[in-house]
2 protein chains.
Amino acid sequence: MITNATYGVDPWELVETSLDLDLLAQSESVFALSNGHIGLRGNLDEGEPHGLPGTYLNSLYEERPLPYAEAGFGYPQTGQTVINVTNGKIIRLLVNDEPFDVRYGTLQSHTRKLDLRAGTLTREVEWTSPAGHTVRIRSVRLVSLTQRAVAAFSYTVTPVDEPLRLVVLSEMVANEEVPARRGDPRAAAALASPLVGEEHYAADGGNPRAMLVHGTRNSKLRLAAGMAHQVTGPERMTMSAESFPDVARFTVAAEVAPGEELRLVKYVGYGWSSARSRPALIDQVVGALAAARLAGWDALIAEQRQYLSEFWEGADVEVDGDVEIQQAVRFSLFHILQAGARAEFRPIPSKGLTGTGYDGHTFWDTEAFVLPVLTYTKPSAVASALRWRYSVLPEAKAHAREYGLSGSAFPWRTIRGQECSGYWPAGTAAFHINAAIAHAAVKYVEATQDEDFELEIALPLLVETARLWRSLGQHDASGRFRIEGVTGPDEYSAVKDNNVYTNLMAQYNLACAAELAGKHPDAARELGVTTEDTASWRDAANDMYIPYDSRLGVHPQHEGFTDYARWNFAGTPGDRYPLLLHYPYFQLYRTQVVKQADLVLAMQLRGDAFTAEQKLRNFDYYEALTVRDSSLSACTQAVMAAEVGHLDLAYDYLAEAVLMDLQDREHNTRDGLHMASLAGAWTALVSGFGGMRSAGGRLEFAPRLPPGLVGLSFRMRYAERIIRVETRSGKARYTLLAGDPLPVTHHGKEVTLTSETVTLEIPPIEPLPEPVQPVGRVPQSRRNRD
Amino acid sequence: MITNATYGVDPWELVETSLDLDLLAQSESVFALSNGHIGLRGNLDEGEPHGLPGTYLNSLYEERPLPYAEAGFGYPQTGQTVINVTNGKIIRLLVNDEPFDVRYGTLQSHTRKLDLRAGTLTREVEWTSPAGHTVRIRSVRLVSLTQRAVAAFSYTVTPVDEPLRLVVLSEMVANEEVPARRGDPRAAAALASPLVGEEHYAADGGNPRAMLVHGTRNSKLRLAAGMAHQVTGPERMTMSAESFPDVARFTVAAEVAPGEELRLVKYVGYGWSSARSRPALIDQVVGALAAARLAGWDALIAEQRQYLSEFWEGADVEVDGDVEIQQAVRFSLFHILQAGARAEFRPIPSKGLTGTGYDGHTFWDTEAFVLPVLTYTKPSAVASALRWRYSVLPEAKAHAREYGLSGSAFPWRTIRGQECSGYWPAGTAAFHINAAIAHAAVKYVEATQDEDFELEIALPLLVETARLWRSLGQHDASGRFRIEGVTGPDEYSAVKDNNVYTNLMAQYNLACAAELAGKHPDAARELGVTTEDTASWRDAANDMYIPYDSRLGVHPQHEGFTDYARWNFAGTPGDRYPLLLHYPYFQLYRTQVVKQADLVLAMQLRGDAFTAEQKLRNFDYYEALTVRDSSLSACTQAVMAAEVGHLDLAYDYLAEAVLMDLQDREHNTRDGLHMASLAGAWTALVSGFGGMRSAGGRLEFAPRLPPGLVGLSFRMRYAERIIRVETRSGKARYTLLAGDPLPVTHHGKEVTLTSETVTLEIPPIEPLPEPVQPVGRVPQSRRNRD
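Residues numbered from 1 in each chain as written. Chains lettered and ligands numbered in written order. Predicted model: local features only at pLDDT ≥ 70, side-chain atom pairs only at ≥ 80, totals over all residues. Heavy atoms only, no water.

Along the backbone of chain A there are 18 helices and 32 strands. Computed over C-alpha atoms, the radius of gyration of chain A comes to 27 Å, within 12% of the 28 Å expected from 2.2 N^0.38 for 786 residues, which places it in the range of a compact globule. By its C-alpha atoms, chain A is 85 × 60 × 55 Å across when sized along the principal axes. Looking at chain A as a whole, 65% of its 786 residues are labelled buried. Within chain A, contacts between residues at least 6 apart in sequence are counted, and of these 67% link residues at least 24 apart. In the form shown here, chain A has an accessible surface area of approximately 26,200 Å², with 48% of it arising from carbon and sulfur atoms. (Helix = DSSP H or I, 4+ residues; strand = E, 2+ residues; numbered from the N terminus. Rg over C-alpha atoms; globule rule 2.2 N^0.38 Å. Buried < 20%, exposed > 50% of the residue type's maximum accessible area, 1.4 Å probe, protein only. Contact = heavy atoms within 4.5 Å. Areas by Shrake-Rupley, 256 points an atom, 1.4 Å probe, with all protein chains shown as cover.)

We now examine helix H6 (residues 393–402) of chain B. Residue and element names in this part refer to chain B. Within H6, burial applies to Leu 393, Ala 396, His 399 and Ala 400. The buried side chains of H6 occupy one side of the element, clustering within an arc of 120° when seen end-on. In H6, the exposed positions angled more than 90 degrees off the buried face are occupied by Pro 394 and Arg 401. Along its buried surface, H6 packs onto helix H5 (379–391) and helix H8 (451–472). Count one or two residues on from H6 and you reach Gly 404, which has phi positive near 70°. (Arc of directions from axis to C-beta.)

Let us look at the relation of the copies chain B and chain A. The two copies are related by a screw motion: chain B maps onto chain A through a turn of 180° and a shift of 0.0 Å along the axis, at an RMSD of 0.0 Å. Accordingly, the operation relating the two chain copies is best matched by a two-fold axis. Of every C-alpha in chain B, the one belonging to Tyr 68 of chain B sits nearest the axis of rotation, 2.4 Å from it. Both copies contact each other with a shared surface, as 98% of the interface residues of chain B are interface residues in chain A too. (Least-squares fit on C-alpha atoms with pLDDT ≥ 70 in both.)

The next point concerns the packing of aromatic side chains. Scanning the entire structure with this criterion turns up 52 aromatic pairs over all chains. Between Phe 363 of chain A and Trp 412 of chain A, the ring centres sit 6.0 Å apart and the planes meet at 85°, which makes this aromatic pair edge-to-face. Residue Phe 363 of chain A is found in the loop between helix H4 (323–340) and helix H5 (365–377), and its partner Trp 412 of chain A is found in the loop between helix H7 (393–402) and helix H8 (432–448); the two are separated by 49 residues along the sequence. In this pair, the class of Phe 363 of chain A matches that of Trp 412 of chain A, namely buried. Here the aromatic cluster, defined as three or more aromatic residues joined through ring pairs, consists of Tyr 68, Tyr 75, Tyr 403, Trp 424 and Phe 431 of chain A together with Tyr 423, Tyr 585, Phe 586 and Tyr 589 of chain B. (Phe/Tyr/Trp six-rings, centres within 6.5 Å; stacked < 30°, edge-to-face > 60°.)

Our next topic: the side chain of Thr 377 of chain A. All names here are of chain A. Within the element layout of this structure, Thr 377 appears in helix H5. In this structure the side chain of Thr 377 is engaged in a polar contact, spanning 2.8 Å, whose partner is the backbone oxygen of Val 373. In this structure Thr 377 touches Phe 311, Gly 314, Ala 315, Leu 333, Trp 682 and Arg 717, once residues within four positions along its chain are discounted. (Polar contact = N/O pair within 3.5 Å; in protein donor to acceptor, adjacent residues only side chain to side chain.)

So this is what it looks like as structure tokens:
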């Protein structure tokens, strides 16, 4: 039984004070460093033991065949899988003649610390070797947010009691052995030896360095990894460097006196490309390393802290009254930033670059959960992520054409833009991803007024997705615009007619596309959009069919859903969750059981389409059916619970979302962090307890805290402002920290924000009867925690 | 471009007068011989050239893993595939020093003839070798209908002009190379070298014989194949026999004078088992060969003819005015008999034992299409096929349990009883197979009054399937009994709610089960059936929800179907059929397009549930949507077209069904014959133009011919009678050929059949407007043929 690691309660640091080898894989994910371009799992410096060794480069993937027991037209034949690339993290140590290994000798102390303001992972160890020699090791690592091709490591060893002969070996290793794939369909394919050596060299002397160049076997990408070193220590040190196709090694040896330091600073640079030549790629890495060495370790550290300081200035969330959640929400924002900061025209995978879960694929998670957070905290990352979507429009167009559809159909899961889903009912049929992309683009434009983006990126994305929706749906004999046979967010229903979430999001997509095309008639015309097109998008949006069950007074998740039998919750033991691993899709699809917020997410994103009374009735109805077998649920339930007035419950769901990975609640944090759930932590606080919505260029707030929280304060960026909202003691205090005055609403009442803090009363609400969840699926109570 | 073979117009024989190597695979299927136990494709005696070498033993299969790009709970992990077993058909010839091979030398004449009364395939060849030596060869083969483990071959060679040194080599060969699998999902998996040699021996002398024993690699079945020979020819002949693990060979050589004969009679026996020991299996084959030799060739031939004569006496159909259809319907009946005659507690695969199509699996085809023909022509084969279903109840129970269902869920496709479907939406979700099995059992009991079967087999089958339906459906808030998320016969819709065919068949199944359990209370009690159970089955049947679209006045194929967009037939080029090979399931499932009769089949099998007006409106509505991409459609459309009064159209569909394989209309006859379509030929004539139905123990007729036919006469067995119905010149003549007087109805009017022929007028009908089919899917017109 794996229990959970704990990381203390420091609001800005995660501190692990002892090493539990059973929890290594989990902590490797938690301690992962990334800038969105390069990702390093928190593996120990010496490489072993490990849970899952991991070094990832955004969009560096290998292909593998997708097999089918029965073939079908249009099934993707080739999958894309993120691979563990050349590992530049490894720094091994010999103490006299004994290798430093935490499994042997005595670990006097072992501390690891992830600093959310510094952007570094620090490790401090005191270790006595089996032969009785004691050393102190301090290592610090970072993946630079300012120099995107570079990671850097500082490794310092100090003999404690006696002079010791120390040898530090700095390595790069390609084609590491990785643990075999598990049966769980959510785990990634581990690919054996995906890299083919193309070139290698090493040099010592004044600039001890090495380079390994590899190509991927099937996807035909090329990768160069280089390292450079600076060593300080005793006068007399011997150094050597050597290289082989899959290994490069720099060795430094010295006699070190007690209290004296041997220190190695290691810079690792990566370059990869499908197009560039080997010399160009090597030059790119050599250049990156030269720039890093020019800056030096201290400057890299300082730049890193500065970058983060600017981020926190417009993004920090302060939670008063719950230290765990305070720490966790900053941890969440830190990882969201790491995933998106320097992705730059590359996708943000559902696990970021923290593990191989879901094969390293990008899903709708990015646009529906992650980008809405970055939109208000790091908007440039949103523009960059959506520019990547724009860049894979050709693949999306081809995908739509193959399905006989107009416009573009973005893939359900992908790395490079091609559909990689091996099960179409929960893959391609989930067309709602296209609306999520359009929605994210519109919200980004609302929040930034980025006009270049609007014209260059948002317009084509909206036009292409509107075309798709128009061809996906049809007017029936009653004049309703229907969308049949698609899969909504809830993966326990698939291939259904008129999924309310999908239809509402498609409606939004069609209406926004028509509006934007009307705003930019010339640009629209260049995209081939006629006034007949925009008229037909408006028609489809106006006529969109939204099923409603008037007998029950709720919206069915899809047409007919409320006529289905309820899942037999009482007869489902707790160990049969997640249901998809213990029951056939056949039974899940034909029953009222909900894996993850679907109709409830529609109420969050399209709140304008529901009355307040409908929201409450719908929320309570789906609460009784939702089992939260997905990490994409609790945060949405938190937001809507807060909106309808179930504040305690919202607090419970906030905790579930924000502690998902820190407490490994889904038992798969080892495969990587759940970016969407991490993002949902911010959303649960800001859109949930803060009531923040952005609609039609107007920012709305409706803050209201659960009894369990003393205070909540959050910062956000909007239209070149920085806003701070603090809620405490039944009052909300709004402050404009930067930028021009801005009109917003507070619980529906208009108010203009200026640098003067405005304090407003929060209207009281009546207590509501608590909704019920399925047996055994009640969220852990946060209100009554010890 | 492969054109079609023609087989002449003889009403009792298929004659091929020249050999077209491009059509070999097709003719191998057409000329296949089988008794349901052993199947031999019509390969040339000398083995080469071939389209697909094939020797099959019912239920002898190999296992193979079923791969999935994304795993899912309950997906079958192991498939079962029929394999080409030890080939005992091979008889090679050397003429002086040249091997006889139709690809070399000169083929002076080459005739093959399948005799439907004799049950033999005869080949007559005159061939001149490259060196100019001419021989005549006459071979006759049969798979014995009276000695089920035995096939026999007579091979006679005669030098034409000069004395020749002839060597005849009789072989058995295991692990023949077979052509690689094609991409078409309908084609079978070809498995390389599935047999592992266990024992072999050969002996010459007075009884030249040999034996090969093999095991299958994964499925762990054992197979023994033996051969024995009788040789007549010149005084001086040398003979030898030898064996190897995969080959046994008997060689006879002689100098033969012109006009003189060298003749080899070869008996081949097979035994196979999962349980029996090697000696027991060898004994079984040795015994079968001894019995065959005891009978001798002439007696085997006579027994074969006698067996068929008895069959035709109660099964023959005479068609006056269409010689092609006359020949084809007898060909169809002959193959249906071959598939089922001696299957004996083993399944009847969808291709019989004529090829590897669909992996040799058995589907609902058997119960829904094939058994209804055998019920009235060879009822013992029906009892035997359903006893096989009974024997795999344990696997069906386990399958239901895995899905959380009560009772038994028979597999969609299988050889040994386990589900082998690799795509559940068109596999396990097609639960209607269970109702087809129950329906076949009820109809068999009605037609035979076989009381032992009713108690031992029908009752448990009905009870188990009723339990399944009761747990598959549920009463909704309006009190309707609903069955959600299942797939009906039409595979262009899948996982839909309240499929009318399924619901009507389930209703019948539930009602019949309740009735039968009431009739046999003690036996039902032993099966654990309580009166509460039967009451709940009756309730479910009474409350069964049958959706109806009152706006259009038609039954939707499933709930919501008639709201869907119509398939864009006008935009679908003819070369894009079958649609499933050119369009994604996603689009097929969400559109009004029908692969094969579904609602129309419901009207055939549950005619009582529709008014005459509904039948006509429904028929015409679905006619415009049905593309007949399945071989299981035309025959049903023929029956219902005839019933509603579209007689010309019924004639067209009859032709399509009956000529499916003889004219290779689906371009896959090479993989084996379409048993269901062959069976449908009889059904189209007898239930279509004869209007035959059996309902509640009463036989009904409503004969009416299309203008294109002069007369139709058919024989059938019913309740130990043989009935002949002849229709001609607006009159029907009924004759009881055997058995006690029997009341039937003629166009609704009661009449008692006796040995005196009764002649009755056929009431006239008004001409109807012709329904339309999708563009390009109009059936070939039979009425206007040349």
